[in-house]
Amino acid sequence: MNTETFFQQFELLADAPNGIAKLRELILQLAVQGKLVPQNPDDEPASVLLSKIKAEKEKLIKEGKIKKSKKLKAIAPDEIPYDLPKGWEWVRMQDIFMVITDGDHQAPPKVDSGIPFLVIGNVRDGYLNFDSTRYVPQKYYISIGENRTPRKGDILYTVVGSYGIPIIVDTEQNFCVQRHIAILKSSQYLDIYYLKYLLQSELIFTQSTKCATGIAQKTVPLNGLRKIHTPLPPLAEQQ
């Protein structure tokens, strides 16, 4: 749907069953396609952002803070669902996140008090809920390693069962998560709220579904998550 048709049919769409939810989906779809607002040719292009992100990642690898990622294939023409505005770029998730990992795969030790251990039930509504959490010892929390413990500014993304829910980490509180939740550590050069909305889009959810494995309980593998292709707009457009 183009913007002209969208606005012509706005009232009809809003009054339809589940209309508000559908409108939100359409608005988000237009936004990630660069069709929601006019483009500003003076915006710094996404290609410059990618160069900054690449340098940031190389610095962290050199410092031993992250591991070098396995090189992925270039995005093939048949993977691209639509053309992007000038200044935007198609990228893979691995290109824009410093780390894409998940929680510990071993069952953690339980204690009556300590570091909160969040499961999907604690993030299912799209935000961090520390009510009725489990707890793990401080020693266990430290042993997991920095890249597998969420920090303020990271994004969590559910990958098992109720997959496809992004959550911004908006607290300084220490906590860890089960393996059913992916931890995405973003570049400092990207807008975290744009990334959350992007992860909520049909474009990303469809690709997550396509790479998900299992029957009774679908699981989005980390390798599949890293390969997902996504539009990257200039930073001003993200904001």
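One can find the structure itself at the top, above this paragraph.
All figures in this text were calculated on a predicted structure; none of them were measured in a lab. (Residues numbered from 1 in each chain as written. Predicted model: local features only at pLDDT ≥ 70, side-chain atom pairs only at ≥ 80, totals over all residues. Heavy atoms only, no water.)

1. Quick word on the sheet that holds strand β6 (residues 166-168)
A sheet is described by the order of its strands in space; here 4 strands give the open sequence β2-β8-β5-β6, paired in antiparallel fashion. Each edge of the open sheet carries a strand with a single partner, namely β2 (97-102) and β6. Here the strands of the sheet are splayed against their neighbours by 20° on average, with no regard to which way each runs. Taken together, the 5 bridges between β2 and strand β8 (residues 181-186) define a ladder with antiparallel strand orientation. By the bridge assignment, F97 is partnered in β8 with S186. (Pairing = 2+ DSSP bridges. Helix = DSSP H or I, 4+ residues; strand = E, 2+ residues; numbered from the N terminus. Axes fitted to C-alpha atoms, helices over the stretch in contact; angles between N-to-C directions.)

2. Examining the nonpolar core
A general tendency of soluble globular proteins is for nonpolar side chains to be buried together. Core analysis: the largest hydrophobic core is formed by 40 residues, its most contacted members being M93, I96, Y157, L184, L195 and L225. Broken down by element, the residue count for this core peaks at 5 residues, all from helix α7 (residues 192-200). Judged by nonpolar contacts, the second largest core, of 12 residues, contains L118, V123, F175 and I181. (Core = buried A, V, L, I, M, F, W, Y, C linked by side-chain atoms within 4.5 Å. Buried < 20%, exposed > 50% of the residue type's maximum accessible area, 1.4 Å probe, protein only.)

3. As for the sheet that holds strand β3 (residues 115-118)
Pairing is mixed across the open sheet formed by 3 strands, whose spatial order is β4-β3-β7. Single-partner strands in this sheet number two, and they are β4 (134-136) and β7 (176-177).

4. A look at the packing of aromatic side chains
Taken as a whole and judged by the stated rule, the model has 3 aromatic pairs. Ring centres of Y82 and W90 lie 5.2 Å apart, and the angle between their planes is 55°; on these two criteria the pair is classed as tilted. A single burial state applies to Y82 and to W90, both of which are buried. When the ring of F130 is compared with that of F175, the centres are 5.5 Å apart and the planes differ by 80°; the resulting orientation is edge-to-face. Here F175 lies in the loop between β6 and β7 and F130 lies in the loop between β3 and β4, a separation of 45 residues in the sequence. (Phe/Tyr/Trp six-rings, centres within 6.5 Å; stacked < 30°, edge-to-face > 60°.)

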